[in-house]
Amino acid sequence: MKTVVMEQQTPPLLFILLLCTLSANSSFQPALVLEMAKILLENYCFHENLVGMQEAIQQAITSGEILQISDRKTLATVLTVGVQGALNDPRLTVSYEPNFVPVTPPMLPSLPIEQLIRLVRNSVKLEILENNVGYLRIDRIIGEETAAKLGSLLRDNIWDKVALTSSLILDLRYSTTGQLSGVPFIISYFSDPEPLIHIDTVYDRPSNTTMELWTMPSVKGERYGKKKDVIILTSKRTVGAAEAVAYTLKNLKRAIIVGERSAGGSVKVKKIRIGGSEFYITVPVARSVSPITGQSWEVSGVSPTVNIIAKEAVAKAKSLLAIRSAIPNIVKSISDIIGRLYAFTDRVPALQQQLQSTDLFSVTSEEDLAVRLNQDLQTVSEDPRLIIKYMQDNGAIVEEDPELYKVPDDPELLRALVDTTFKVEILPGNTGYLRFDKFVESPAVTKLEEVMAKTVWEPLKDTKNLIIDLRYNTGGCSTFLALILSYLQDTSQKHHFFTIYDRIQNTTTEYYSRTQITGPTYGSKRGVYVLTSYYTASVGEEFAYLIQSLHRGTVIGEITSGTLMHSKMFQVEGTDLAITVPFINFIDNNGECWLGGGVVPDAIVLAEEAVDHVHDISDFHQGLRSLMEGTGELLEKHYAIHEVALKVSKVLLSKWVEGMYWSVVDFESLASQLTTDLQEASGDHRLHVFHCDVEPELLHDVAKIPTAEEVGYIIDALFKIELLPGNVGYLRFDMMADIEVLRAIGPQLIKLVWSKITNTDALIIDMRYNTGGYSTAIPLLCTYFFDAEPLLHLYTIFDRTTTTMTEIMTLPQVRGQRYGSSRDVYILTSHMTGSAAEVFTRTMKDLNRATIVGEPTIGGSLSSGTYQIRDSVLYASIPNQVVLSAITGKVWSVSGVEPHVVAQASDALHVAQRLIAGKLLKREHGE
């Protein structure tokens, strides 16, 4: 325990103590209220709430706000309401007690030892219940001095016996008195010797001191420690020091509270006589603040972890301890099941470690345990198939019978089953239709193929497209997948379909297309459209998933059910918990493990409308090759770098041939896929395809020349100038204007903008918000930062449309004064800086004329053309110019300009100013 004397502070918050209407006939003295205010100022533990109180009351009395009341008991009631309302503290009460005689209870340490022993025995009860559960009832929290006196007695009769129990119920339901100094004594038995824990801070207003309560480094007898379960029982009567014990152990996560919210008492309350009158005010003179929570149990009480009426708390605690005693075995059982069966063997150690380290302190039911463990397992495994559930009805766990999907060996029975399982039709437009509602398994594979060839594939072999209807398919046998998929490939090439790893069998089986197959195959060129619904489940989902993964067709319909197969469900013995463990991993042709969760169709439509959509999508697919070729032709004709255009054009066609565009179902998705493929193949993020129902408007090549009235507005809108400390100029403009516009506004621009920064010692040009514009003004802008002679080669532009190379030079003459080539220039950039603004920045960097500060620029295009793709509603935005460096002759990278000094855009200006200041300092020191 540590006591600190506090500095006397003036309370910081003004309030009006009383605001009430009182009846008029009077005879009491206003001094009574002022005397009460003085008591509060000197004794109320929240003294900071009392600033200006006396002055406020005096003003209220003078102004007549507080009228006089003749009846003293009524006055006491009114004053109580007023003071409680003003301070929001129900512990503050005023009473009129003409016959009150203060009673001071004897201090426990001063009592004879025999009386102390008798007192403790009457207030402490210990029992050992069934299953070695300790039951310790404490009705009075004895203080530090008494505990020291009775140390041996407490050790031998209580703590050493408690230490031998497996768990403990600490009953504080009837604890209505005690001393706060005894709290560390109890808390210490339920904590470790080191480190010491700061458990409470108590501020005493009359003495203006603060006392800190800490756990004790040593105790008499054996500690209970931190491992075994402790449950504290509380009731509405639990008050004072007992509340401090319950609150501290709860927030240290050392005990679970069962019962009712406690009374919400106080650390220390005094009844103080108001002056020489017969009025008394009850004041909380000390307050507790927990360093663990920053709050307190006072007034609000301790809320239970498990809320139940007090008389049922013991029974509830016993059942709760039974649940908690089973937790280690439950966790071990779950860990063992995962260790034996979980398919991701590399994740097992981390999962088992998580199970061992999970904080289960607050678990109070099997349902709570299931939620906590499931959350942890999902987080670590990232596998939605690994699930722990609370099965309240404890119903039987039924696994699907694989016999349901086996077909007979008898040829007649086999033919009859195929006839009933597979439905084949030829729809209008020569579209084949195949529906089957389960994936069957047959040991006689050859016989099954023969029957299917005749019944299924022979009627479908000459159709234009094929619909495979899985809307009612609820699963079956995964091995049948490979057979069906083989019919949808060319037999000339072997295809890897999927791999299954079985943890129970410890086998890995790879499934390939069959090079020899009975009957005609459908091949890989014609369209395959798989229909799904919310009922499509299990192996039906795997088939739809593989159609997308293999790029063999288009999935149309609703998101599938997300049924998690390849798992086993186990009930944890003796509990209502069940764990579902995936023991098989289904790995696709790309090496990705499918974790279920449902297959998202390429075209999401209502299941009942899926067939109608097939016809629209198949018609759209018929025109895809033409659009792909048209995109390639536009690239070859207009893209600035011809060799890249040729390569990208070939990549697009090869992707179409490989089936990568079966997932495209309309112009919007085609535009998105083309954009992704163009940018990926070229490395140029400026290539873009978009969908537009009307022909897009193109930018006019000729800029509008402003009128005399518009010039001022344009300059104000485009340019911002400032003179920074150290004679540093600051120029910001957010758009690159056309050269003709600049010539038209030239005189005003020189006068209003340029002339104000030409005489600075350094210049910061802010391009962070400049996304581009016209490139025609770049030579003029650059010219101001170089000398008149000789003219400098800035950069070269190659225009693919005209196949011309143009060298861009500085200009021999400009309006106004040049900034010249000797003074420092800093250009600020951001990820937004683009197009012509980048060319200016890159030119100044290439010619070592500026220091670039900020973020890498966007890598925008100097000039792009927009071209219609064939006669469709798709348009391609294609950069048709490239800029070549005047220094190296090489094409500038499309990745943007890398700054000399990298900084967040928001910090770039400050960084540039620091660089300028640092350079100036070096010059002053002659460095």
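About the cut-offs
Residues numbered from 1 in each chain as written. Predicted model: local features only at pLDDT ≥ 70, side-chain atom pairs only at ≥ 80, totals over all residues. Heavy atoms only, no water. Helix = DSSP H or I, 4+ residues; strand = E, 2+ residues; numbered from the N terminus. Buried < 20%, exposed > 50% of the residue type's maximum accessible area, 1.4 Å probe, protein only. Contact = heavy atoms within 4.5 Å. Areas by Shrake-Rupley, 256 points an atom, 1.4 Å probe, with all protein chains shown as cover. Pairing = 2+ DSSP bridges. Axes fitted to C-alpha atoms, helices over the stretch in contact; angles between N-to-C directions. pLDDT = per-residue confidence, 0-100. Expected span 1.5 Å × (residues − 1). Bend = angle between axes of the 7 residues up to and from the residue. Salt bridge = Lys/Arg side-chain N within 4 Å of Asp/Glu carboxyl O. 1 Å grid on protein atoms, 1.4 Å probe; cavity = no way out; pocket = protein on both sides within 12 Å on 5 of 7 lines; lining within 4 Å. Points joined across faces, edges and corners; volume = space filled by probe spheres on them. Nonpolar A, V, L, I, M, F, W, Y, C, P; charged D, E, K, R; others polar. Patch = residues over 30% accessible without salt bridge, like charges linked within 9 Å, V, L, I, M, F, W, Y side chains within 5 Å. Lys, Arg positive; Asp, Glu negative; His and termini not counted. Charge placed at Lys NZ, Arg CZ, Asp CG, Glu CD. Core = buried A, V, L, I, M, F, W, Y, C linked by side-chain atoms within 4.5 Å. Parallel < 35°, antiparallel > 145°, perpendicular 65-115°, else oblique. Phe/Tyr/Trp six-rings, centres within 6.5 Å; stacked < 30°, edge-to-face > 60°.

## Re the overall build of the protein
A count of helices and strands for the protein gives 25 helices and 38 strands. Out of the 927 residues in the protein, the part that is buried amounts to 50%. Sequence-distant contacts in the protein: of pairs separated by 6 or more residues, those separated by 24 or more amount to 77%. Surface summary for the protein: the accessible area is close to 43800 Å², and the carbon and sulfur share equals 52%.

## A closer look at the sheet that holds strand β29 (residues 728-733)
Taken in spatial order, the six strands line up as β28-β29-β30-β33-β34-β38 in an open sheet, and their pairing is mixed. The sheet is open, and its two borders are formed by β28 (719-724) and β38 (901-902), each paired with just one other strand. When β28 meets β29, the two strands line up antiparallel, connected through six bridges. Note on β29: the bridge partner recorded for L724 is V728. Against the sheet, helix α24 (residues 836-846) touches β30 (762-766), β33 (824-829) and β34 (851-854), its axis set at about 140° to β33. The strands touched by helix α25 (residues 908-924) are β28, β29, β30, β33, β34 and β38; relative to β33, the strand with the most contacts, the crossing angle is about 160°.

## Let's talk about the confidence of the model for the protein
Caution is warranted with low-pLDDT regions, since their predicted coordinates should not be read in detail. Confidence in the prediction of the protein, expressed as mean pLDDT, is 86, and 89% of residues score 70 or more. With pLDDT under 50 throughout, residues 3-28 is counted as low confidence; its partners more than four residues away or in other chains account for 72 contacts. The model gives residues 394-401 a pLDDT under 50, and that stretch makes twelve contacts with residues more than four places away or in other chains.

## Thoughts on the pairing of strand β12 (residues 268-273)
Bridging between β12 and strand β13 (residues 279-289) involves six bridges; their strand directions are antiparallel. Each residue of the ladder has a partner; that of V269, found in β13, is P284. Between β12 and the antiparallel strand that follows it, β13, lie five residues; G275 among them carries a positive phi value of about 60°.

## What to know about the sheet that holds strand β11 (residues 256-259)
Backbone-to-backbone hydrogen bonds join strands into a sheet, with any given pair of strands oriented parallel or antiparallel. Taken in spatial order, the six strands of this open sheet run β3-β4-β6-β10-β11-β14, and their pairing is mixed. Strand pairing shows two members of the sheet lacking a second neighbour, β3 (124-129) and β14 (306-307), which therefore form its edges. By the bridge criterion, four bridges tie strand β6 (residues 167-171) to strand β10 (residues 230-234) in an arrangement that is parallel. Among the inter-strand pairings, L168 is bridged to a residue of β10, identified as V230. Helix α4 (residues 113-123) rests against β3 and β4 (133-138) of the sheet, and its axis sits at about 45° to β3. Strands in contact with helix α8 (residues 241-251) are β6, β10 and β11; relative to β10, the strand with the most contacts, it is inclined by about 140°.

## Quick notes on the environment of I426
Here I426 lies in strand β16 (residues 422-427). You can call I426 partly exposed: its relative accessible area is 46%. Spatially, the C-alpha atoms of I426 and P459 are 8.1 Å apart, while their sequence positions differ by 33 residues.

## Some details on helix α6 (residues 151-163)
For α6, spanning 13 residues, the distance from its first C-alpha to its last is only 15 Å, which falls clearly below the expected 18 Å at 1.5 Å a residue. Remark: the principal bend of α6, roughly 30°, maps to N157. Where α6 is concerned, the buried positions are G151, L153, L154, I158, W159, V162 and A163.

## Brief notes about the pattern of salt bridges
As enumerated under the stated definition, the model contains 28 salt bridges in all. A salt bridge links K268 to D204, with the shortest nitrogen-to-oxygen separation between them at 3.9 Å. Linking K268 in strand β12 with D204 in strand β8 (residues 198-204), this pair joins segments that are 64 residues apart in sequence. The exposure class of D204 is buried, given its relative accessible area of 15%. Notably, a salt bridge pairs K332 with D336, separated by 3.1 Å at the nearest N-O pair. Of this pair, K332 and D336 both sit in helix α9 (residues 313-341), four residues apart, which is roughly one turn of that helix. Using a relative accessible area of 34% as the deciding quantity, one classes D336 as partly exposed. A single network of salt bridges, built from pairs that share partners, joins D89, R91 and E298.

## Concerning empty space enclosed by the protein
Summed over the entire model, instances satisfying the criterion amount to five cavities of 30 Å³ or more. Here the second largest cavity defines a volume of roughly 140 Å³. Looking at the lining of the second largest cavity, the elements that each hand over two or more residues are β4, β5 (140-141), α6 and α7 (183-189). With three residues, the top contributor of residues to the lining of the second largest cavity is α6. Of the residues in the lining of the second largest cavity, the class split is eleven nonpolar, one polar and one charged.

## Brief notes about a negative patch on the surface
On the surface, a cluster of negative charge is contributed by E608, E609, D612, D616 and D619. In this structure, D612 sits in helix α16 (residues 610-622). Under the relative-accessibility criterion, D612 is labelled exposed at 52%.

## Comments concerning the nonpolar core
In terms of nonpolar packing, the biggest core is built from 46 residues, with M736, I765, F785, Y795, I827, F840 and M844 touching the most fellow members. When residues of this core are assigned to their parent elements, the largest contribution, five residues, is made by α24. In this structure, I827 is in contact with I765, M767, F840, T841, M844, A850, T851, I852 and V853, ignoring residues within four places of it in sequence. With 45 residues, the next largest nonpolar core counts L470, L481, V539 and F543 among its residues.

## With respect to the packing of helix α17 (residues 624-638) against helix α18 (residues 642-657)
Between α17 and α18, the least distance of the axes is 8 Å, while the angle of their chain directions is 170°. As judged from the angle between their axes, α17 and α18 are roughly antiparallel. Residues L624, R625, M628, E629, T631, G632, L635 and E636 of α17 form the contact with α18, whose participating residues are H642, A645, L646, V648, S649, L652, L653, W656 and V657. Residue composition of the contact of α17 with α18, grouped by class: ten nonpolar, four polar and three charged.

## Things to note about the side chain of D200
Relative to the elements of secondary structure, D200 occurs in strand β8. Despite its burial, D200 pairs with no opposite charge; the closest candidate is R287, at 9.8 Å N-O. D200 has contacts with L180, M211, E212, L213, S288, V289, S290, P291 and W297, leaving out every residue within four places of it along the chain.

## Focus on the packing of aromatic side chains
Taken as a whole and judged by the stated rule, the model has 28 aromatic pairs. Considering the side-chain rings of F498 and F586, the 5.0 Å spacing of their centres and the 20° angle between planes classify their relative orientation as stacked. Pair noted here: F498 is in strand β19 (residues 496-502) and F586 is in strand β25 (residues 584-588), with a separation of 88 residues, a long-range link. For the pair formed by F498 and F586, the shared burial category is buried.

## Describing the side chain of S262
Along the chain, S262 falls in the loop between β11 and β12. On the basis of relative accessibility, which here comes to 5%, the residue S262 falls in the buried class. Beyond its immediate stretch of four places on either side in the chain, S262 contacts S235, K236, T238, E243, G301 and V302.

## Notes on the pairing of strand β36 (residues 874-879)
Within β36, six of the six residues are buried, which leaves it mostly tucked inside the rest of the structure. Here β36 shows a buried face lined by L874, A876 and I878 and a second buried face lined by Y875, S877 and P879. Sheet topology note: the strand β27 (residues 688-691)/β36 ladder contains four bridges and is antiparallel. Bridge pairing in β36 places V689 opposite A876. Note that strand β35 (residues 864-868) and β36 share five bridges and pair antiparallel. From the neighbouring strand, T866 faces β36, where its bridge partner is S877. Counting the residues that bridge the hairpin from β35 to β36 gives five residues, and of these R870 lies at a positive phi of roughly 50°.

## Here's the deal with unusual backbone geometry
Cis geometry marks the peptide bond from E194 to P195, where omega comes out at -5°. Going from E789 to P790, the amide bond is cis rather than trans, its omega being -5°. Note on placement: P790 falls in the loop between α23 (778-783) and β31 (793-799). Phi angles above zero are rare outside glycine, and N506 is one such case at about 55°. Relative to the assigned elements, N506 resides in the loop between β19 and β20 (507-512). When its relative accessible area of 59% is taken as the criterion, N506 is described as exposed. In this structure, H551 takes a positive phi of about 55° despite not being glycine. Mapping H551 onto the fold places it in the loop between α15 (539-549) and β22 (554-557).

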